[in-house]
Structures are given as structure tokens and as C-alpha cells.
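Letter by letter, the chains look like this.
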Amino acid sequence: MSQIVTKNIVFRGRNLSLKYPTVGQMIDIKVIEQQLSRGTFKDLLLGTGEDIDVYIYIRTFSHIKVLLPELIGDLKVDSLLDLSIDDYQELVDLYSNEIQPWLQSWQQSLREKMKAQNSGTDKK
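Residues numbered from 1 in each chain as written. Predicted model: local features only at pLDDT ≥ 70, side-chain atom pairs only at ≥ 80, totals over all residues. Heavy atoms only, no water.

**Q** Go over the environment of leucine 44, please, and point to the residues and values.
**A** Summarising the element assignment, leucine 44 is placed in helix H2 (residues 41-45). Separated by ten residues in sequence, leucine 44 and valine 54 place their C-alpha atoms 7.1 Å apart. Leaving out residues up to four positions away in the same chain, leucine 44 has contacts with Ser37, Asp51, Ile52, Val54, Tyr55 and Ile58. (Helix = DSSP H or I, 4+ residues; strand = E, 2+ residues; numbered from the N terminus. Contact = heavy atoms within 4.5 Å.)

**Q** Tell me about the pattern of salt bridges, residues and numbers included.
**A** In the structure shown here, the tally under the stated rule is five salt bridges. The shortest N-O distance in the salt bridge between arginine 14 and aspartate 74 comes to 2.1 Å. Residue arginine 14 is located in strand S2 (residues 14-19), and its partner aspartate 74 is located in helix H4 (residues 70-74); the two are separated by 60 residues in the primary sequence. A relative accessible area of 35% places arginine 14 in the partly exposed class. (Salt bridge = Lys/Arg side-chain N within 4 Å of Asp/Glu carboxyl O. Buried < 20%, exposed > 50% of the residue type's maximum accessible area, 1.4 Å probe, protein only.)

**Q** I'd like a description of helix H3 (residues 49-67), backed by residues and values.
**A** Across its 19 residues, H3 extends 27 Å between first and last C-alpha, which sits within 8% of the 27 Å expected from 1.5 Å per residue. Within the span of H3, buried status applies to Tyr55, Ile58, Arg59, Thr60, Phe61, Ser62, His63, Ile64, Val66 and Leu67. (Expected span 1.5 Å × (residues − 1).)

**Q** Hey, could you go over the pairing of S2 for me, with residue numbers and the actual values?
**A** Across six bridges, strand S1 (residues 6-11) lies against S2 in antiparallel orientation. The residue bridging isoleucine 9 from the neighbouring strand is leucine 16, located in S2. In this structure, the hairpin formed by S1 and S2 is closed by a connection of two residues, where arginine 12 is found at a positive phi of approximately 50°. (Pairing = 2+ DSSP bridges.)

**Q** Describe in detail the layout of surface pockets, supporting the description with residues and values.
**A** The calculated volume of the largest pocket comes to roughly 210 Å³. In terms of lining residues, the largest pocket is bounded by Tyr20, Pro21, Met26, Ile29, Lys30, Arg59, His63, Tyr95, Gln100, Leu103, Gln104 and Gln107. For the lining of the largest pocket, the elements supplying multiple residues, two or more each, are helix H1 (23-36), H3 and helix H5 (85-122). The greatest single-element share of the lining of the largest pocket, amounting to five residues, is contributed by H5. Residue lining of the second largest pocket: Leu36, Val54, Tyr57, Ile58, Phe61, Leu80, Leu81, Leu83, Ile85 and Tyr88, and that is the complete set. Listing elements by their share of the lining of the second largest pocket, those giving two or more residues are H3 and H5. The element contributing the most residues to the lining of the second largest pocket is H3, with four residues. Broken down by class, the residue content of the lining of the second largest pocket amounts to ten nonpolar, no polar and no charged. (1 Å grid on protein atoms, 1.4 Å probe; cavity = no way out; pocket = protein on both sides within 12 Å on 5 of 7 lines; lining within 4 Å. Points joined across faces, edges and corners; volume = space filled by probe spheres on them. Nonpolar A, V, L, I, M, F, W, Y, C, P; charged D, E, K, R; others polar.)

**Q** Now, about the confidence of the model for the chain: what can you tell me, with residues and values included?
**A** Averaged over every residue, the pLDDT of the chain is 87; residues scoring 70 or more account for 93%. Across the chain, H1 holds the top mean pLDDT of 95, while H4 sits lowest at 83. (pLDDT = per-residue confidence, 0-100.)

**Q** Which residues make up the packing of aromatic side chains, and what values go with them?
**A** The final tally for this structure, using the stated rule, is four aromatic pairs. Geometrically, the ring pair formed by phenylalanine 41 and tyrosine 55 is stacked, given 4.4 Å between the ring centres and 25° between the ring planes. Taken together, the positions of phenylalanine 41 in helix H2 and tyrosine 55 in helix H3 put the pair 14 residues apart, joining distant regions of the chain. Note on accessibility: phenylalanine 41 and tyrosine 55 belong to one class, buried. An aromatic cluster of three or more residues is present, and its members are Tyr20, Trp102 and Trp106. (Phe/Tyr/Trp six-rings, centres within 6.5 Å; stacked < 30°, edge-to-face > 60°.)

Below, the structure written as C-alpha cells:
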């Protein structure tokens, strides 16, 4: 794969290294999403503008909590949920502009690799 396994990002002047999640981390992210939304995570995406905002907040929270836990300490809060909306928006921007596109690119590459492998075994 030509994708990079780690991604360096800068947040508030600090360099952070983000690694592609392990299977366990991917599961943790999904579990946190379901816990925070009380099982309504997909419904939030289909809801009103405010519901969609909450969906994005939850996605941001779950990914940062699992993939960049050191960031929470830097923000000097016990939980990301203690941040004001204004401060949290910085994290939403970080997730939306840096983390999510990078993860999406990886997932696409993995799908293409699996598709190529499966089409190769179909011909045998």
C-alpha cells in the first residue's frame, strides 16, 4: 500500500503523531459512538441541523479519545465533553480537516486491496 501508516498533525503548536487505528481501537471508537448517542448514532445523522452537529461532536470525541488521548491532557480538562462549544470547534476542525480524510483514504485503499484480492481468487 502506498498509504502512510502514521500522520503527523499540528494542534495548537504541538506536533502529534497519529497512527492508523488497530482493530481494537476501531471497535472502541464505534462503542463510544453508540454509548454517547445511547444507541441513536445513525438517527442523529438523519435528523435536524442540531442533531447533525451532535453526530459530528460524537465522531470527533470518539476518534480523539481513542487515537489522540494525550490531547485531552493538553486541553487541561478531565473530559472533552467539558469544553465549551467554541473550544470544541477546534477539535471538530482537526477531525474534519485532518483525521477523517486521512482515515477515509486508508479505508478506501483497504477496500480496493480486498477487492483486488477477491477478484484474483475468483479467477482460480
